[in-house]
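Here is how the chains run, residue by residue.
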There are 2 protein chains.
Amino acid sequence: MNDKELRKVGLKATTPRIKILQFLAEAQHHHVSAEDVYKALSEAGEDVGLATVYRVLTQFQEAGLVERHYFESGHSVFEIKQDQHHDHFVCLKCGTVEEFVDPVIEARQLDVAREYGFDMTDHSLNIYGVCKACKA
Amino acid sequence: MNDKELRKVGLKATTPRIKILQFLAEAQHHHVSAEDVYKALSEAGEDVGLATVYRVLTQFQEAGLVERHYFESGHSVFEIKQDQHHDHFVCLKCGTVEEFVDPVIEARQLDVAREYGFDMTDHSLNIYGVCKACKA
DNA sequence: CTAGTTGCAAATCATTTGCACTTGC
DNA sequence: GCAAGTGCAAATGATTTGCAACTAG
């Protein structure tokens, strides 16, 4: 049950929240749009409004349960927050998103920010191109 | 005159296009939104419609004259394409965008992409935080 | 001349908000 | 019971598009 996890971050354990959190955790492709969540729940017979999906996702984001990313093309996707930070490969052919982490890049970012007198609170690195599957 | 530059990329040298290109080239802060362009031209007495600004900016982007970036917060900015690629610091307080280049990061990105069997066509790295000026 | 371009208004799209109603605790 | 949460419909803000009038080559 996700009930506890929700209360832990100060949110009432309501049906929509539980369903959405569950869906995010089980989603095969981690990165989903609000619309994706809405459609999936609707198809599963859950009667959750799109506005609620947006509200809940925003609350989850504020609570640190999910991250929101804005990829080129202007619309955003959400993913359950993982233990470790990571960056993304975005395939321009099939739209797939793959995750990766590179310690060298992570470290340099901090250094560069410091050099410029910038307090880094967050960062996002997206590599766009063609994934292995699409090249085949 | 920008006339030649426009024709070179296959676009008729019309007044709106010339004005917009000129504005982008002279803009003090390189990164401007479509709205910024529209307002600046209006204030300068140029009668260019917002729809035209969007159309022209998109054409410029396709022609490789400008780049479009989508920063977190969901709205995009345009900048005249520079000789060199660069990444961005985005100040969450004042919205300012600063540019930087780090060879170490650039090189690692290529390596990482290769390791994952990914053909990189483009990438974007944005560091979010508080800039020097806002900390003061 | 005439295909490409423009301005304006109306149309979209993603996301947000107002409000009367419902539900967790 | 009551504040917090929800659904729906209407509002928003950014961007796009239809179309009749205009202009560069």
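Residues numbered from 1 in each chain as written. Chains lettered and ligands numbered in written order. Predicted model: local features only at pLDDT ≥ 70, side-chain atom pairs only at ≥ 80, totals over all residues. Heavy atoms only, no water.

**Topic: the protein's contact with DNA strand C**
Of all residues adjacent to DNA strand C, which total 20 residues, the nearest are Tyr54(A), Thr14(B), Asp47(B), Thr52(B) and Arg55(B). In the interface set of DNA strand C, defined as its atoms within 4 Å of the protein, sugar plus phosphate atoms amount to 68%. With respect to DNA strand C, the side chain of Arg17(B) contributes an N or O atom lying 2.9 Å from a phosphate oxygen. A distance of 2.3 Å is found between a phosphate oxygen of DNA strand C and a side-chain nitrogen or oxygen belonging to Thr52(B). Taken together, the elements giving at least two residues each to the surface near DNA strand C come down to helix H4 (50-62) of chain A together with helix H2 (15-26) and helix H4 (50-62) of chain B. Ranked by the residues each element gives to the surface near DNA strand C, the list is headed by H4(A), at four residues. Broken down by class, the residue content of the surface near DNA strand C amounts to seven nonpolar, five polar and eight charged. (Near = heavy atom within 4 Å. Polar contact = N/O pair within 3.5 Å; in protein donor to acceptor, adjacent residues only side chain to side chain. Helix = DSSP H or I, 4+ residues; strand = E, 2+ residues; numbered from the N terminus. Nonpolar A, V, L, I, M, F, W, Y, C, P; charged D, E, K, R; others polar.)

**Quick word on the protein's contact with DNA strand D**
Around DNA strand D sit 19 residues, and of these Thr14(A), Asp47(A), Thr52(A), Arg55(A) and Tyr54(B) come closest. Here DNA strand D approaches the protein such that, of its atoms within 4 Å, sugar and phosphate make up 71%. Gly49(A) is positioned such that a nitrogen or oxygen atom in its backbone is 3.2 Å from a phosphate oxygen of DNA strand D. A breakdown of the residues in the surface near DNA strand D according to their chemical character gives seven nonpolar, four polar and eight charged.

**Overview of the side chain of Glu106(B)**
Following the sequence through the fold, Glu106(B) ends up in helix H5 (residues 103-115). Of the side chains bearing the opposite charge, Arg108(A) lies closest to the buried Glu106(B), which forms no salt bridge; the N-O distance is 10 Å. (Buried < 20%, exposed > 50% of the residue type's maximum accessible area, 1.4 Å probe, protein only. Lys, Arg positive; Asp, Glu negative; His and termini not counted. Salt bridge = Lys/Arg side-chain N within 4 Å of Asp/Glu carboxyl O.)

**A short note on the environment of Leu110(A)**
Residues and elements named next belong to chain A. Residue position: Leu 110 is located in helix H5 (residues 103-115). Residue class for Leu 110 comes out partly exposed when judged on its relative accessible area of 44%. Sequence spacing of Leu 110 and Leu 6 is 104 residues, and the spatial spacing of their C-alpha atoms is 32 Å.

**Some remarks on the environment of Val104(A)**
Secondary-structure assignment places Val104(A) in helix H5. Discounting residues that sit within four places of it in the chain, Val104(A) has contacts with Val104(B) and Arg108(B). (Contact = heavy atoms within 4.5 Å.)

**Describing helix H3 (residues 34-43) of chain B**
Residues and elements named next belong to chain B. Among the residues making up H3, those that are buried are Ala 34, Val 37 and Leu 41. For H3, the angular spread of the buried residues around the axis is 65 degrees, confining them to a single face. Tucked inside the fold, the buried residues of H3 contact H2, H4 and strand E2 (76-80). (Arc of directions from axis to C-beta.)

**Brief notes about the relation of the copies chain B and chain A**
When chain B is fitted onto chain A, the two copies agree to an RMSD of 0.4 Å after a turn of 179 degrees and an axial shift of 0.1 Å. Given the turn and translation reported, the copies of this chain are related as if by a two-fold rotation axis. In terms of C-alpha distance to the rotation axis, chain B has Leu125(B) as its closest residue, with the C-alpha 2.1 Å off the axis. The residues that chain B uses at the interface reappear at the interface of chain A in 100% of cases, marking a shared surface. (Least-squares fit on C-alpha atoms with pLDDT ≥ 70 in both.)

**Observations regarding the interface of chain B and chain A**
Counting residues at the interface gives 40 residues for chain B and 40 residues for chain A. Around 3,300 Å² of area is buried between chain B and chain A when both sides are counted, 60% of it from carbon and sulfur atoms. The tally of links from chain B across to chain A stands at two salt bridges. The interface formed by chain B and chain A includes twelve residue pairs in polar contact (both at pLDDT 80 or more). Only strand E1 (66-70), strand E3 (87-91), strand E4 (97-100), H5, strand E5 (119-130) and helix H6 (132-135) of chain B provide two or more residues apiece to the side of chain B that touches chain A. Here strand E5 (residues 119-130) of chain A pairs with E5(B) via eleven bridges, running antiparallel. Across the sheet, residue Ile127(A) finds its bridge partner in E5(B), namely His123(B). (Buried area = accessible area lost by both parts, 1.4 Å probe. Pairing = 2+ DSSP bridges.)

Note that every value here comes from positions in space, so none of it alone points to a role or purpose.
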